[in-house]
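Results of the structural survey
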Amino acid sequence: MTGPSRDERLTLGSSGVPNMQTTPWLIGHRHFSRSSVFPRPRIAGVTRFGSPEQTVKLLVWPFAPRTSVPVSFVCGANDHIASPLANRFTAPERLRYVNVENSDTSARKWRCPATPQSNIEHGPNLMTATMKTLLLVFGLFLISVVTAYADNDKPNIVYLMTDDQRWDTFGCYGRPEFQTENIDKLAQEGVIFDNAFHAVAICAPSRATVMTGRYFASHQSGFTYPFDVKLTPADFDDTYPARLKRAGYRTGFIGKFGIYTAGGFKMENYFDYYAVGAARYPKDDAVLQNIFRADRDPKERTIKKGDAMIHFLDTQPEDRPFCLSVSFDAVKNDRDSDMYGPHVEIFKDKVFSVPGNWVEGDNESLPKVVKENARGVPLHRGRTSTPELYQKLARRFATQGYTVDQQVGRLIEKLEEMRVLNNTIVIYTSDNGRFHGSHGLYDKALLYDESVKAPLIVFDGRVAKQKRGRRESAMISTTDFAPTILSLANVEIPASMQGRDFTGILNQTQDMSQWRDTVFMENLFLQAMFTARLKKVEQLDKTNNKLIAENKSYRSRGVRTKRFKYFVYNEHSPVIEELYDLENDPLEKNNLVNNPEYSGILAELRKKTEELFNRFANDSADPSES
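Below is a summary of the structure that appears in this document. Keep in mind the model is a prediction, meaning the values are calculated, not measured. Per chain, residues are indexed from 1 in the order of the written sequence. It should be noted that, the model being predicted, local features are given only for residues of pLDDT at least 70 and side-chain atom pairs only at 80 or more, the latter also being counted only at that level, while totals for whole chains, interfaces and linings use all residues. Computation of side-chain values covers all heavy atoms of the structure but excludes hydrogens and water.

What follows is about the packing of helix 12 (residues 376–383) against helix 13 (residues 387–418). Relative to each other, helix 12 and helix 13 sit at 95 degrees, their axes nearing to 8 Å. One way to sum up the angle between helix 12 and helix 13 is to call them roughly perpendicular. Judged by residue contacts, Arg381, Gly382 and Arg383 of helix 12 engage Leu389, Tyr390 and Leu393 from helix 13. Nonpolar residues are Ala, Val, Leu, Ile, Met, Phe, Trp, Tyr, Cys and Pro. Charged residues are Asp, Glu, Lys and Arg, and all others, Gly as well, are polar. Its residues assigned to classes, the contact of helix 12 with helix 13 shows three nonpolar, one polar and two charged. For helices, the axis comes from a line fit to the C-alpha atoms of the stretch in contact; other axes are also lines fit to C-alpha atoms, and the angle between any two N-to-C directions lies between 0 and 180 degrees. Here a helix means four or more residues in a row that DSSP labels H or I, a strand means two or more in a row labelled E, and each is numbered from the N terminus. For classification purposes, angles smaller than 35 degrees are called roughly parallel, those larger than 145 roughly antiparallel, those between 65 and 115 roughly perpendicular, and all remaining angles oblique. Only heavy atoms enter the contact rule, under which two residues are in contact if any of them lie within 4.5 Å.

Here you go:
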């Protein structure tokens, strides 16, 4: 298949607007190469004019294979303008690309002037008044529609999630010693969020929240009884990948799935490409199977996922949008088998900065229920409680983060090679943070910022380069990810999703007076109940009730504003509360709950916590939607 010859390419006037006198047949701003293969069009806009009123649909094609430079055709050859569109651009049909339909179906349909193929270059001499009107209308219309691809309604989407990667372990978040150059570049060309928070900060429930757009209080899909509900196929039907697949997207998932699901699940109903543990399909894809072959070095666990990511892109059809979710196991775990050897060498002598709330040994200021029951306390003693232990693990986590960063670099390079980066959205985040010695803790789940604050970077290749690269302070919850992904793809957001669509924040059209000023978060994980599950204790309800009665439950919920953090250990009797002024105490070292100067704030946030919990537990949406 061939495109227009050199003589038939678009010419532009000095203002950058298509020159109607020299190029009446093509309106756009890039030419085609002769080897171009043309995918299916999309409707970029509609305008109406004339009497009787005529409806004109403008169709836009990508510039070349795997690119999103817009070019639009505004004329027909020697057929009705409203004739069926060709799916591919062939020489006899190459100018038949405007669809004009009468609003009155009994009225005649506009015809293009008879234009033999040999006379194409003489088009201006053959144009009727009607066609000149068409070109004038479209010439003005295309100034706003075609000169950028920001209006493409089916962008590609890549969702990247790491495991246990704390928000402040990136150069773009203030710690360049972690050497995350590719992620930093993504942030420099995208939007980096300074107030994004995990609605729940531990693996399985966090991932369920991201997929469903629902709070833990709603989906209750976690590790421990009674909050160990398995997601059903009906639940998953309203996740972002399921909705996108039904909307025509090619969907893929690579890496750690980490969500508990009920029987009857067929992942092929939701993903066209899937590589999770031993489950990999398409099953006849020899390259995919070979990437995860049993004899491959386990130290390449992150590189394997990067290889599968690249293979997904290598097998991507040109005429279909895609959504690929990649869930890295890194940076979780610190075994030698998790470290990619060449990257270990980069950090072997590195000395990392130490946060101001890192505690050597035990932290006596923690609530007693936490000190005696949360697993983060003994884990800290064994892993991060001395300067030597802290530095050892910091190096190991930096090594894994660097390996992930290299895969981000591979991704961007591949998207550029495919010429689709300018129509692709890349989202980077983690499933939860990790204390790594802060507060005398090692684990996650508890509601201090090292656990609940999320790294969040959103790159949108459709945005003009001069408008890229900014920091955003809006309060974002991980419940917002799924509805936002659907909105970016112009797919309807299901009523079950409780989070908010923040595309208006991304494109800076959001009325911030109507945006939330508070995020809700909760922890429903208890180590004792997790142990009981592993030991297959039969009467989990009795075990749970006994823990609560003995004041061993540290389940908690709370809220965070830009200035204050409040949370309550709500199953303890009497309840234990914590309140922090983050403006003056960003490391959360001074609990103000007994300070009378903050009694009004305490009462306000206490009330807000219960209001939001009751709302979300009853499956209602974020109140800032109403």
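Time to look at the pattern of salt bridges. Should a side-chain nitrogen of Lys or Arg be within 4 Å of a carboxyl oxygen of Asp or Glu, the pair is scored as a salt bridge. Applying the stated criterion across every chain yields a total of 40 salt bridges. The closest approach of N and O atoms between Lys348 and Glu345, which form a salt bridge, is 3.0 Å. In this scheme, a residue with accessible area under 20% of its type's maximum is buried, one over 50% is exposed, and one in between is partly exposed, where area comes from a 1.4 Å probe on protein chains only. Judged by relative accessible area, which is 47%, Lys348 ranks as partly exposed. The shortest N-O distance in the salt bridge between Lys371 and Glu364 comes to 3.5 Å. A relative accessible area of 28% means that Lys371 is categorised as partly exposed. A network of salt bridges, in which partner residues are shared, links Asp163, Arg207, Lys256 and Asp431.

The subject of this paragraph is the nonpolar core. Ranked by size, the top nonpolar core spans 45 residues in total, and within it Phe193, Tyr240, Phe257, Phe271, Ile476 and Phe502 carry the most contacts. Going through the elements one at a time, strand 6 (156–162), strand 7 (191–193), helix 4 (203–212), helix 7 (240–246), strand 10 (273–276), strand 13 (424–430), helix 15 (481–488) and helix 16 (503–506) are the ones with two or more residues in this core. Sort the elements by how many residues they give to this core and helix 15 lands first, with five residues. Among residues more than four places away in sequence, those in contact with Phe271 are Met211, Phe236, Pro241, Lys245, Thr251, Gly252, Phe253, Phe257 and Tyr281. Side-chain atoms within 4.5 Å link the members of a nonpolar core, which is a set of buried Ala, Val, Leu, Ile, Met, Phe, Trp, Tyr and Cys residues.

Our next topic: the packing of aromatic side chains. Stacked, tilted and edge-to-face pairs are distinguished by plane angle, under 30 degrees for stacked and over 60 for edge-to-face with tilted covering the rest, among Phe, Tyr and Trp rings (Trp via its six-membered ring) whose centres lie within 6.5 Å. Counted by the stated rule, this structure contains 36 aromatic pairs. With centroids separated by 5.9 Å and ring planes inclined at 75 degrees, the aromatic side chains of Phe347 and Tyr402 adopt a geometry described as edge-to-face. Of this pair, Phe347 sits in helix 10 (residues 341–347) while Tyr402 sits in helix 13, and the two are 55 residues apart along the sequence. Between Phe435 and Tyr448, the ring centres sit 6.1 Å apart and the planes meet at 70 degrees, which makes this aromatic pair edge-to-face. Of the two residues, Phe435 is situated in the loop between strand 13 and helix 14 (449–452) and Tyr448 in the loop between strand 13 and helix 14; the sequence distance between them amounts to 13 residues. Residues Phe435 and Tyr448 agree in their burial class; the two are buried. Aromatic rings pair up to connect Phe236, Phe253, Phe257, Phe265, Tyr270, Phe271, Tyr274 and Tyr281 into one cluster. In this arrangement the basic side chain of Lys453 is found over the ring face of Trp167, its NZ or CZ atom lying 4.0 Å from the centre. Whether a charge sits over a ring comes down to the Lys NZ or Arg CZ being within 6 Å of the ring centre and within 35 degrees of the ring normal. Against the face of Phe613 rests Arg557, its NZ or CZ located 3.8 Å from the ring centre.

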